[in-house]
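# Structural description and commentary
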Amino acid sequence: GEDVEQSLFLSVREGDSSVINCTYTDSSSTYLYWYKQEPGAGLQLLTYIFSNMDMKQDQRLTVLLNKKDKHLSLRIADTQTGDSAIYFCAESISRSASGGSYIPTFGRGTSLIVHP
Amino acid sequence: NAGVTQTPKFQVLKTGQSMTLQCAQDMNHEYMSWYRQDPGMGLRLIHYSVGAGITDQGEVPNGYNVSRSTTEDFPLRLLSAAPSQTSVYFCASTLDGRDTEAFFGQGTRLTVV
């Protein structure tokens, strides 16, 4: 997780917006991802953004990408208790000196706690 | 379509024991990876494979071996378990590497005593 950085915790009140931030290092990443992990489960893809986009909206989710600063954020509108989970930012980084072999690299995850 | 299946879900080992964590996928994905998840550390890559017969090391490979004799299976072997290997292990697969969604198994919670 050294290449992708996130804050570890975020606490919000139900109904408020949540913003989870991430910085990444590989400027060649074509897609950047947000994964969600619920307790006792594996990670599931939540949303992603193509690197030539600045913003992507999907119902309550808004992803903002600042490619110059290598900064990615996930905004959850009207946060609900069911949104409580760990959110991981991810990029695919080449593991091969000759290019290719792109393997997802994850941040440490942000634990989102939603309280009534 | 089962996706990515990991077994077992839970395991307790004594220090020095060996075991194999199983991972299988039925999506004909080329790439498979093993991660370990520790509190505050996120997911760290142990080993990965970009196709049958091809494996390579991730960030934390020591104490683990892998092999990829078929496209479907990617077992992770602990050679001599140590308490530091107490963790939750996740297997993931992607279609062909770059810019594709990773599918995860449900995880194996391993405790080494």
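Now for a description of the structure that goes with this document. (Residues numbered from 1 in each chain as written. Chains lettered and ligands numbered in written order. Predicted model: local features only at pLDDT ≥ 70, side-chain atom pairs only at ≥ 80, totals over all residues. Heavy atoms only, no water.)

## Structural notes on the overall build of chain A
Helix and strand counts for chain A come out as zero helices and eleven strands. Across chain A, helices and strands are ordered from the amino to the carboxyl terminus as β-β-β-β-β-β-β-β-β-β-β. Its C-alpha radius of gyration of 14 Å places chain A within 12% of the 13 Å reference for a compact globule of 116 residues. By sequence separation, contacts in chain A at least 24 residues apart represent 55% of the contacts at least 6 residues apart. Within the structure as shown, chain A displays about 5600 Å² of accessible surface, and the carbon and sulfur contribution to it stands at 48%. (Helix = DSSP H or I, 4+ residues; strand = E, 2+ residues; numbered from the N terminus. Rg over C-alpha atoms; globule rule 2.2 N^0.38 Å. Contact = heavy atoms within 4.5 Å. Areas by Shrake-Rupley, 256 points an atom, 1.4 Å probe, with all protein chains shown as cover.)

## Quick look at the overall build of chain B
Across its full length, chain B carries zero helices and eleven strands. The secondary structure elements of chain B, listed N-terminal to C-terminal, are β-β-β-β-β-β-β-β-β-β-β. Based on the C-alpha atoms only, the size of chain B along its principal axes is roughly 35 × 30 × 25 Å. Here chain B holds 113 residues, and the buried ones make up 50% of them. Across chain B, the fraction of contacts at a sequence separation of at least 24, relative to all contacts at a separation of at least 6, is 53%. Total accessible area computed for chain B in this model is approximately 5100 Å², and 50% of it derives from carbon and sulfur atoms. Taking the average location of the 8 positive side-chain charges in chain B and that of its 10 negative ones, the two points are 13 Å from each other. (Buried < 20%, exposed > 50% of the residue type's maximum accessible area, 1.4 Å probe, protein only. Lys, Arg positive; Asp, Glu negative; His and termini not counted. Charge placed at Lys NZ, Arg CZ, Asp CG, Glu CD.)

## A short note on the nonpolar core
Leu21, Trp34, Ile46, Leu76, Leu78, Tyr89 and Leu110 of chain B are the most contacted members of the largest nonpolar core, which has 20 residues in total. Elements with a minimum of two residues in this core: β3 (19–25), β4 (31–38), β7 (64–66), β8 (76–78), β9 (87–94) and β11 (108–112) of chain B. For this core, the element with the highest residue contribution is β3 of chain B, accounting for three residues. Among residues more than four places away in sequence, those in contact with isoleucine 46 of chain B are Trp34, Tyr35, Arg36, Gln57, Gly58, Val60, Pro61, Tyr64, Leu76 and Tyr89 of chain B. Listed in part, the 19 residues of the second largest apolar core include Val4, Val63, Leu72 and Leu74 of chain A. (Core = buried A, V, L, I, M, F, W, Y, C linked by side-chain atoms within 4.5 Å.)

## Regarding the state of the cysteines
Residue and element names in this part refer to chain A. Counting across every chain of the model gives two disulfides over all chains. In this model cysteine 22 forms its disulfide with cysteine 89; the gap between the sulfur atoms is 2.0 Å. Disulfide cysteine 22-cysteine 89: torsion about the S-S bond near -65°, hence left-handed. Remark: cysteine 89 occurs in strand β9 (residues 85–94) and cysteine 22 occurs in strand β3 (residues 18–23); sequence separation between them is 67 residues. (Disulfide = S-S within 2.5 Å.)

## Side note on the sheet that holds β8 of chain B
All names here are of chain B. Here four strands make up an open sheet; going across it, the order is β1-β3-β8-β7 and the pairing antiparallel. In this open sheet, the two edge strands, each paired with only one partner strand, are β1 (4–7) and β7. Pairs of neighbouring strands in the sheet enclose a mean axial angle of 20°, with direction left out of account. Summarising the sheet, β7 and β8 pair through three bridges and their orientation is antiparallel. By the bridge assignment for β8, asparagine 65 is matched with arginine 77. (Pairing = 2+ DSSP bridges. Axes fitted to C-alpha atoms, helices over the stretch in contact; angles between N-to-C directions.)

## Focus: the interface of chain B and chain A
In this complex, chain B contributes 23 residues to the contact, which on the side of chain A involves 24 residues. Connecting chain B to chain A are zero salt bridges. Counting every contact that joins chain B to chain A gives three residue pairs in polar contact (both at pLDDT 80 or more). Put simply, the parts of the chain that give the side of chain B that touches chain A at least two residues each are β4, β5 (42–51) and β9 of chain B. Considering only residue class, the side of chain B that touches chain A consists of ten nonpolar, nine polar and four charged. (Salt bridge = Lys/Arg side-chain N within 4 Å of Asp/Glu carboxyl O. Polar contact = N/O pair within 3.5 Å; in protein donor to acceptor, adjacent residues only side chain to side chain. Nonpolar A, V, L, I, M, F, W, Y, C, P; charged D, E, K, R; others polar.)

## Digging into the packing of aromatic side chains
According to the stated counting rule, one finds twelve aromatic pairs over all chains in the structure shown. Seen from their ring centres, tyrosine 35 of chain A and phenylalanine 104 of chain B are 6.0 Å apart, and the 75° between their planes marks the pair as edge-to-face. Placement of the pair is tyrosine 35 of chain A in strand β4 (residues 31–37) and phenylalanine 104 of chain B in strand β10 (residues 103–104), with the two residues belonging to separate chains. Residue phenylalanine 104 of chain B is classed as buried on the basis of its relative accessible area, which comes to 9%. (Phe/Tyr/Trp six-rings, centres within 6.5 Å; stacked < 30°, edge-to-face > 60°.)

## Some points on the pattern of salt bridges
Evaluated as defined, the whole model comprises five salt bridges over all chains. Residue lysine 68 of chain A is joined to aspartate 69 of chain A by a salt bridge in which the shortest nitrogen-to-oxygen separation is 3.6 Å. Judged by its relative accessible area of 47%, aspartate 69 of chain A falls in the partly exposed class. Members of the salt-bridge network, linked through shared partners, are Arg36, Asp38 and Arg44 of chain B.

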